[in-house]
Amino acid sequence: MRTDRNVGAVLSQTRDDGQQEPERFVDSQTAAKFLSVSKKWILLLARQGEIPAYPLGQGQQRNIWRFRLSELTKAMEERTIYKKGRGTVAESRLDRPRSNRS
């Protein structure tokens, strides 16, 4: 993966003529499948700004979101390596004290 400084696009594939093509955006269903989570969960993370995402529409009408798989991969790697202290949903559930149920 390489970024073109003039355009700001993420370049991913090399065409037959040797030029780089910009990485394509994917929809929320494809991004959710890539991360092995539900579509509802990935949209929630996108709305909260937890993952890199690009909304289409304005104001409250942001029903369509697009993602780059390379950016999702990078965000997941950085979150795992550098933000361990912040935790994830799975870790926070494990850290909670269990209630004593009889």
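Everything discussed here concerns the structure shown above.
What this report covers is the structure whose coordinates are included nearby. Bear in mind that the values here come from a model prediction, so they are computed numbers and not experimental data.

So, how was this worked out
Residues numbered from 1 in each chain as written. Predicted model: local features only at pLDDT ≥ 70, side-chain atom pairs only at ≥ 80, totals over all residues. Heavy atoms only, no water. Phe/Tyr/Trp six-rings, centres within 6.5 Å; stacked < 30°, edge-to-face > 60°. Helix = DSSP H or I, 4+ residues; strand = E, 2+ residues; numbered from the N terminus. Buried < 20%, exposed > 50% of the residue type's maximum accessible area, 1.4 Å probe, protein only. Axes fitted to C-alpha atoms, helices over the stretch in contact; angles between N-to-C directions. Parallel < 35°, antiparallel > 145°, perpendicular 65-115°, else oblique. Contact = heavy atoms within 4.5 Å. Core = buried A, V, L, I, M, F, W, Y, C linked by side-chain atoms within 4.5 Å.

Following the criterion strictly, the structure yields 1 aromatic pair and no others. On the basis of an interplanar angle of 80 degrees and a centroid distance of 5.1 Å, the ring pair of Phe25 and Tyr54 is categorised as edge-to-face. Placement of Phe25 in the loop between β3 (20-22) and α1 (28-35) and of Tyr54 in strand β4 (residues 54-56) is noted, with a sequence separation of 29 residues between them. What makes Phe25 partly exposed here is its relative accessible area of 40%.

One non-glycine residue, Ser36, adopts positive backbone phi at about 60 degrees. Secondary-structure assignment places Ser36 in the loop between α1 and α2 (39-48). Exposure remark for Ser36: the relative accessible area of 66% places this residue in the exposed category.

This next bit is on the packing of α1 against α2. Two numbers describe how α1 lies on α2: the axes approach to 8 Å, and their chain directions differ by 100 degrees. It follows from the interaxial angle that α1 and α2 lie roughly perpendicular. Here Ser28, Gln29, Ala31, Ala32 and Leu35 of α1 come into contact with α2, specifically with Lys39, Ile42 and Leu43.

To continue, consider the nonpolar core. One finds Val26, Ala31, Ala32, Ile42, Leu43, Leu45, Ala46, Ile51, Ala53, Trp65, Phe67 and Leu72 forming the largest nonpolar core, which totals 12 residues. Every element with two or more residues in this core is listed here: α1 and α2. A per-element tally of this core places α2 first, with 4 residues. Discounting chain neighbours no more than four positions away, the residues touching Ala32 are Val37, Ser38, Lys39 and Ile42.

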